[in-house]
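Architecture and fold: a report
Each chain, letter by letter, is given below.
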There are 4 protein chains.
Amino acid sequence: MIKVGIAGATGYVGIELIRLLSQHSEVEIVYAGSQSHVGRPLGEVYPHLRSLSHLACSPLDAIEMAKQCDLMFTALPHGQAMTLVPTLLEKGVKCIDLGADFRLKDPSSYEKWYHHLPACPQLLESAVYGLPELGKRTEIQNAKLIANPGCYPTCSALGCMPAIAAGIIKAEEIVLDAKSGVSGAGKALSSGSHFCEVAENFKAYQVGGIHRHTPEIEQIFEEMTGYPIFVSLTPHLLPMVRGLLVTAYLPLSKEIAAEKIWEIYANAYANEPFIRLYPFGQLPQTANVRGSNYCDIGLIVDERTKKLIVISCIDNLVKGAAGQAVQNMNLMFHFNETTGLTHLYPVYP
Amino acid sequence: MIKVGIAGATGYVGIELIRLLSQHSEVEIVYAGSQSHVGRPLGEVYPHLRSLSHLACSPLDAIEMAKQCDLMFTALPHGQAMTLVPTLLEKGVKCIDLGADFRLKDPSSYEKWYHHLPACPQLLESAVYGLPELGKRTEIQNAKLIANPGCYPTCSALGCMPAIAAGIIKAEEIVLDAKSGVSGAGKALSSGSHFCEVAENFKAYQVGGIHRHTPEIEQIFEEMTGYPIFVSLTPHLLPMVRGLLVTAYLPLSKEIAAEKIWEIYANAYANEPFIRLYPFGQLPQTANVRGSNYCDIGLIVDERTKKLIVISCIDNLVKGAAGQAVQNMNLMFHFNETTGLTHLYPVYP
Amino acid sequence: MIKVGIAGATGYVGIELIRLLSQHSEVEIVYAGSQSHVGRPLGEVYPHLRSLSHLACSPLDAIEMAKQCDLMFTALPHGQAMTLVPTLLEKGVKCIDLGADFRLKDPSSYEKWYHHLPACPQLLESAVYGLPELGKRTEIQNAKLIANPGCYPTCSALGCMPAIAAGIIKAEEIVLDAKSGVSGAGKALSSGSHFCEVAENFKAYQVGGIHRHTPEIEQIFEEMTGYPIFVSLTPHLLPMVRGLLVTAYLPLSKEIAAEKIWEIYANAYANEPFIRLYPFGQLPQTANVRGSNYCDIGLIVDERTKKLIVISCIDNLVKGAAGQAVQNMNLMFHFNETTGLTHLYPVYP
Amino acid sequence: MIKVGIAGATGYVGIELIRLLSQHSEVEIVYAGSQSHVGRPLGEVYPHLRSLSHLACSPLDAIEMAKQCDLMFTALPHGQAMTLVPTLLEKGVKCIDLGADFRLKDPSSYEKWYHHLPACPQLLESAVYGLPELGKRTEIQNAKLIANPGCYPTCSALGCMPAIAAGIIKAEEIVLDAKSGVSGAGKALSSGSHFCEVAENFKAYQVGGIHRHTPEIEQIFEEMTGYPIFVSLTPHLLPMVRGLLVTAYLPLSKEIAAEKIWEIYANAYANEPFIRLYPFGQLPQTANVRGSNYCDIGLIVDERTKKLIVISCIDNLVKGAAGQAVQNMNLMFHFNETTGLTHLYPVYP
């Protein structure tokens, strides 16, 4: 049993972490840090948690966290985790950051996309990007600080990586048309999250390569190929709560049989517990992964336009955030990688 | 480990049973009976189940079920379970029927409401109505055949029972205004279940005491009070998938302080693992129980009109169907009553 | 052609007024008053209005409004219209207030329910409650100031009035179970209007006779019967944008044939252009009135519990607000009562 | 006043035609042909139409239609209009087909995509493709038979045409990522249209250039460019009723300033009453056109990947079907092109 805390426990990612961690056999939640609800019992802030936890919300105090926790999850608006993490690491507390503070390796890239300096550039170096399927599980296991990937990068990368690795696509012409449920934008109020503005509506946002998940995806792809790649990522907002689907258009760089491509994916993901590759002719849909840590993937080859089209989908709050963080925790503490995640069976319908 | 089967495995209640039972530590699913998909793997019919089960669909054959199972769940349109259950019981297989075939004790009442004869009136006698909170756990534990309650009756009865038992309301004037998500009507196609007819729409249906759950509720209340009671139940269809909420209007028969009423409920449900009574001022909402076996209850006393208003809500597929069936199974087989149900933490948002 | 203005033009009721008035043959919109968007073109604030109006938002300045307008619609949070209306009336501008400031005739009742003094109690006297179907069209035609009814009172009263007028129900035992789409709560941001808190969710709110539309309904019923009546109104929030449905439970005070009741309603509403009474066996649903000024009504007699159950529904933004205001304007200015409202045909699906 | 009829009056496109035509000043609806509801009043089949029309459904009988109508709209499953249209034309009745029967000029293409022979290949020649913005209004005005465009082709073509015409994009690399509400699939029941399968879900379908609207789009583009073009069209199903949005990825073939591109579009659509081009920085959303005949268009230039990204959206039942048909009718009968369409102001929210 390890003791864990959550900084940002009352956001949507925070309460999803609580849902998952409260059922995890190796973990005890001892700290629920919150900016806005200090002193209130969690079950009062969120009555759906009433039966679960007698935890009350505590302040975002790194010293106090360090006294009580072996591991802290930080699920905070960007720029905030970087004020807690250095202290936590110094005190020997491992950290998994579900925000963006440690994802971009290049400080100047961070500054360009987030419009302020990364507070602790020296930590960017040591932070391990926590996408287990990227093939660096040993690094994750040895990490003190994990940068938990964003939801769009997780879903996009899992959909494209085998094809990129196999060198069968023109990596510089990737189009990623991405669609997300509203919970991906968090609990903050804005006119864009008002029910009447979202229901029975659909729109693109931050079009033209300006979404901050763009450099994160490009960093993954550059690491894989060794050369810089610009991707065209267009996020859209779906009138639903959970679920993220990416339609990736990957121009083929050579003649290759569709079956052969499917085999490439099947081999790449043969031992991945949370990737489910669909047989040809079946396509995934977000409802098939709702509430679970799965990433479901379907492949189509359009021979008329010589493109591989990959449909990948995840629950943005699970594999796109809290579930992937638990998966990383399992690796860091040498639990079974799937502990606490397998009972999260998709809630369908 | 007991071996269980499901007749009607590919309906919405069936796949919810599979979600629950596949994570239950004392159970192995060995039979998935289906009318329409015999021979097909479950994971092909429902790709969200692809990682779970290598079960293929089998025919609705009682002899075959009896060979393989200790317990059968029947989740079939009314009139069908009664063709399987007699054989199953005879062969020593326990049964939990999630349909309506064994809920009404009085054969003539069944005939009146369902427009055909109950096939095995002698079984109506021995069937135990499986609402554990009604206070007959011993009967459930000893039962061979459980009539699992309907979703409206479960939510209505749990909301009203303590007040009726305490004799503080005019039981003959109960108004139950009930609202359900669409999954309560099952997977059958009808113009009423078409997305475009339900989304951004709201309606009442089967108004005026004609819904078949009416006599089931009245049977519970009559059993509690000893005299016949007519309730006014009005079902409505909500533009959402899961969730059922009942607003019960209970005219008070005497002066009584609101706090006293709250205590009556608190005492009645003090040891109930799946009832969550809210403090005054907080009201439940269906999202708070989504995916879980909880019934959440809030109380309001309207002193101007001298009414107790009870808001109760459940996930119609869990406490209103599959979850309650698992709870009954746990009792029948002397497992812990909450086994396999506690990790079903509400999926919020 | 009259010149009209809207104070509160950028709220949901305001933009609905613009949708209706911009197509009205006898009206020119000349003033769009807004608190938050002064100086911005309406088509920039709301791109769906881009083709319509070159109006820019003006401040909430009564003197300026009076210079330009023959009629002002005030669609503001309660307490604000009362600061504009006295000046407007004094300057000879007619007013239709879509808020609550002038609905309650009794100043002490207003104070009790709204927790502050009505600013101009002398105006309460002269304000005419603008529910045309209540039978006081002459008063509306002669009014200088209309208090446009609330959405719940409109739908509740239209459902109950003929039965109350006919003296066939126990008026003191009326239960009104009311359900509304989210647009009824306006555009203001709150955690309760966040998409993730509303979608796939259902809840009651302000239960126990505490919703401010309660005294408004009671005032209508008292005016009809001559004695005070307490109604039990329970509002609920539907996961949809538009639409309001009331299920009214009306205990019958005498034996009366269902057909006779239907005739009472048919006669009462024979000449009403916006009431559509359904034949027995058909029930209305909110989608049938979406975008239109209709109130659809269905009747059921539950002979087991001796209740008349009335289902009435409206589009809360049209007959529940902007449409009814236009209907009142038509009466005040002696246009045809249906001008500008008939082309608003229900948008289905 | 002309007399019009609708074959397929009880489908979703049919009832939308009735909504529009019933408010059209130059038109009387005299024939409502239906396969499944012959003899029933429309207001009984669809209670939302109760106030509108005393029309009853008539059989799909071309002789009878020809006796009564000057113009027939056929809104039928593919393969059915072609059995009525030859007779109608012969009897001098003009026709607007909202199905697919006359859209593809090349009979072999039709056969390839629809898997059966076009019944009247000689009519393919004379049918005019009714996309007014394509620039052949004179042909439409003189046509006896209009092939009303599909919803995806309308939205895709309107988004891409100015850029293609200006020769600034690599037309052979167009990616069209398209998303539609459920009403686009019509009223037919299928497991895919069940509310529980669509709500809180998102999926792609008919991926890989196999959707039948693909050759229709390619035909438009080929006509514009003079050479065959393969487009990559991926349709997706949105959990909403109305609305269609296309995200078009158009690789630029040359260096060109973003402002210059915007001007190209502004010029191309300067006189189009139903196209609304957004200023840079504003993006359209489907709610902005709901219920209206507008096509809203926004442009983004992604300089990193050298692509023009066009977001276009329509209401699939209006500009994507019934509204465009009325626009075509207005042209054919020399009414004002916008008659009966301008009062259809977007219903927002």
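From a predicted model like this one, the values you see are computed outputs, not experimental measurements.

Broken down by element type, chain A carries 12 helices and 14 strands. Taken over the C-alpha trace, chain A has a radius of gyration of 20 Å; the compact-globule value for 349 residues is 20 Å, and the two agree within 12%. By principal-axis analysis of the C-alpha atoms, chain A measures approximately 60 × 45 × 40 Å. Residues classed as buried in chain A amount to 67% of the 349 residues present. Residue pairs in contact within chain A that sit at least 24 positions apart in sequence constitute 71% of those at least 6 positions apart. In the form shown here, chain A has an accessible surface area of approximately 11,000 Å², with 51% of it arising from carbon and sulfur atoms. Looking at charge distribution, chain A has the averaged site of its 27 positive side-chain charges lying 3 Å from that of its 33 negative ones.

All names here are of chain B. The strand order β9-β10-β8-β11-β14-β13-β12 describes an open sheet built from 7 strands, whose pairing is mixed. The sheet is open, and its two borders are formed by β9 (203-204) and β12 (275-277), each paired with just one other strand. Contacting β11 (244-251), β12, β13 (295-302) and β14 (307-314), helix α11 (residues 258-268) runs over the sheet at an angle of about 160° to β13.

Next up on the list: the pairing of strand β10 (residues 232-237) of chain A. The side chains of a regular strand alternate, residue by residue, between the two faces of the sheet. Residue and element names in this part refer to chain A. Buried residues dominate β10, accounting for 6 of its 6 residues. The alternating pattern of β10 places Ser232, Thr234 and His236 on one face and Leu233, Pro235 and Leu237 on the opposite face, and all of these are buried. Where strand β8 (residues 175-180) meets β10, 6 bridges bridge the pair, whose relative direction is parallel. Bridge pairing in β10 links Ala178 to Pro235. Pairing between strand β9 (residues 203-204) and β10: 2 bridges, direction antiparallel. Note that in β10 the partner of Ala204 across the bridge is His236.

Below, the discussion takes up the domain arrangement of chain A. Residue and element names in this part refer to chain A. By the assigned domains, chain A splits into domain 1 (2-149 + 318-332) and domain 2 (152-314). For domain 1 and domain 2, the distance between their C-alpha centroids amounts to 25 Å. With 27 residues of domain 1 at the contact, the number on the domain 2 side is 31 residues. When domain 1 packs against domain 2, close to 2,300 Å² is buried across both sides, 57% of that on carbon and sulfur atoms. In this structure, the connection of domain 1 to domain 2 is made through 4 salt bridges. When the shortest N-O distance is used, the salt bridge between Glu272 and Arg137 registers 2.6 Å. The interface formed by domain 1 and domain 2 includes 14 residue pairs in polar contact (both at pLDDT 80 or more). Listing elements by their share of the side of domain 1 that touches domain 2, those giving two or more residues are α1 (12-21), α5 (107-114) and α12 (318-332).

With 32 residues of chain C at the interface, the matching set in chain D holds 32 residues. Of the roughly 2,900 Å² buried where chain C meets chain D, counting both sides, 61% is carbon and sulfur surface. Per-residue buried area on chain C facing chain D is highest for His48, Tyr345 and Pro349 of chain C; these three make up 24% of the total on that side. For the interface between chain C and chain D, the tally reads 0 salt bridges. The tally of links between chain C and chain D comes to 10 residue pairs in polar contact (both at pLDDT 80 or more).

Residue and element names in this part refer to chain A. Along β8, 6 of the 6 residues are buried, which leaves the element largely enclosed by surrounding structure. Alignment of β8 against strand β11 (residues 244-251), held across 6 bridges, turns out to be antiparallel. For Leu176, the partnering residue across the bridge sits in β11 and is Ala248.

Residue and element names in this part refer to chain A. Here α12 is 15 residues long, yet its end C-alpha atoms lie only 18 Å apart, well below the 21 Å a rise of 1.5 Å per residue gives. At Gln324, α12 shows its largest kink, close to 45°. With 15 of its 15 residues buried, α12 lies for the most part within the structure. One or two residues past the end of α12 sits His334, with phi positive at roughly 55°.

The subject of this paragraph is the interface of chain A and chain D. Of the residues lining the interface, 48 residues belong to chain A; the matching set on chain D comes to 48 residues. Between chain A and chain D the total buried area reaches about 3,900 Å² when both faces are included, carbon and sulfur atoms providing 54% of it. Taken as a group, Glu200, Phe202 and Arg304 of chain A account for 20% of the area that chain A buries against chain D, more than any other trio of residues on that side. Across the contact surface, chain A and chain D share 4 salt bridges. Among the salt bridges present, the one from Arg304 of chain D reaches Glu218 of chain A, with a minimum N-O distance of 2.5 Å. When residues of the side of chain A that touches chain D are traced back to their parent elements, those giving at least two are β8, α9 (195-198), β9, α10 (213-225), β10, β11, β13 (295-302) and β14 (307-314) of chain A. Taken together, the residues of the side of chain A that touches chain D break down into 25 nonpolar, 11 polar and 12 charged.

Looking now at the packing of aromatic side chains. Per the counting criterion, the structure on display carries 26 aromatic pairs over all chains. Measuring from centroid to centroid gives 5.9 Å for Tyr348 of chain C and Tyr46 of chain D, while their planes differ by 70°, and the two rings are edge-to-face. Of the two residues, Tyr348 of chain C sits in the segment after α12 (318-332) while Tyr46 of chain D sits in the loop between α2 (42-45) and β3 (57-58), which places them in two different chains. Since its relative accessible area comes to 4%, Tyr348 of chain C is described here as buried. Among the aromatic side chains, those forming a connected cluster through ring pairs are Phe274, Tyr294 and Tyr345 of chain A. Geometry around Phe333 of chain A places Lys94 of chain A over its ring, the cationic atom sitting 4.8 Å from the centre.

Turning next to the relation of the copies chain C and chain D. The transform that puts chain C on chain D rotates by 180° and translates by 0.0 Å along the axis, for an RMSD of 0.0 Å. Accordingly, the operation relating the two chain copies is best matched by a two-fold axis. Here 100% of the contact residues of chain C are again contact residues in chain D; the copies associate through an equivalent surface.

Conventions we followed
- Residues numbered from 1 in each chain as written.
- Chains lettered and ligands numbered in written order.
- Predicted model: local features only at pLDDT ≥ 70, side-chain atom pairs only at ≥ 80, totals over all residues.
- Heavy atoms only, no water.
- Helix = DSSP H or I, 4+ residues; strand = E, 2+ residues; numbered from the N terminus.
- Rg over C-alpha atoms; globule rule 2.2 N^0.38 Å.
- Buried < 20%, exposed > 50% of the residue type's maximum accessible area, 1.4 Å probe, protein only.
- Contact = heavy atoms within 4.5 Å.
- Areas by Shrake-Rupley, 256 points an atom, 1.4 Å probe, with all protein chains shown as cover.
- Lys, Arg positive; Asp, Glu negative; His and termini not counted.
- Charge placed at Lys NZ, Arg CZ, Asp CG, Glu CD.
- Pairing = 2+ DSSP bridges.
- Axes fitted to C-alpha atoms, helices over the stretch in contact; angles between N-to-C directions.
- Domains from an automatic or database assignment.
- Buried area = accessible area lost by both parts, 1.4 Å probe.
- Salt bridge = Lys/Arg side-chain N within 4 Å of Asp/Glu carboxyl O.
- Polar contact = N/O pair within 3.5 Å; in protein donor to acceptor, adjacent residues only side chain to side chain.
- Expected span 1.5 Å × (residues − 1).
- Bend = angle between axes of the 7 residues up to and from the residue.
- Nonpolar A, V, L, I, M, F, W, Y, C, P; charged D, E, K, R; others polar.
- Phe/Tyr/Trp six-rings, centres within 6.5 Å; stacked < 30°, edge-to-face > 60°.
- Lys NZ or Arg CZ within 6 Å of the ring centre and 35° of its normal.
- Least-squares fit on C-alpha atoms with pLDDT ≥ 70 in both.

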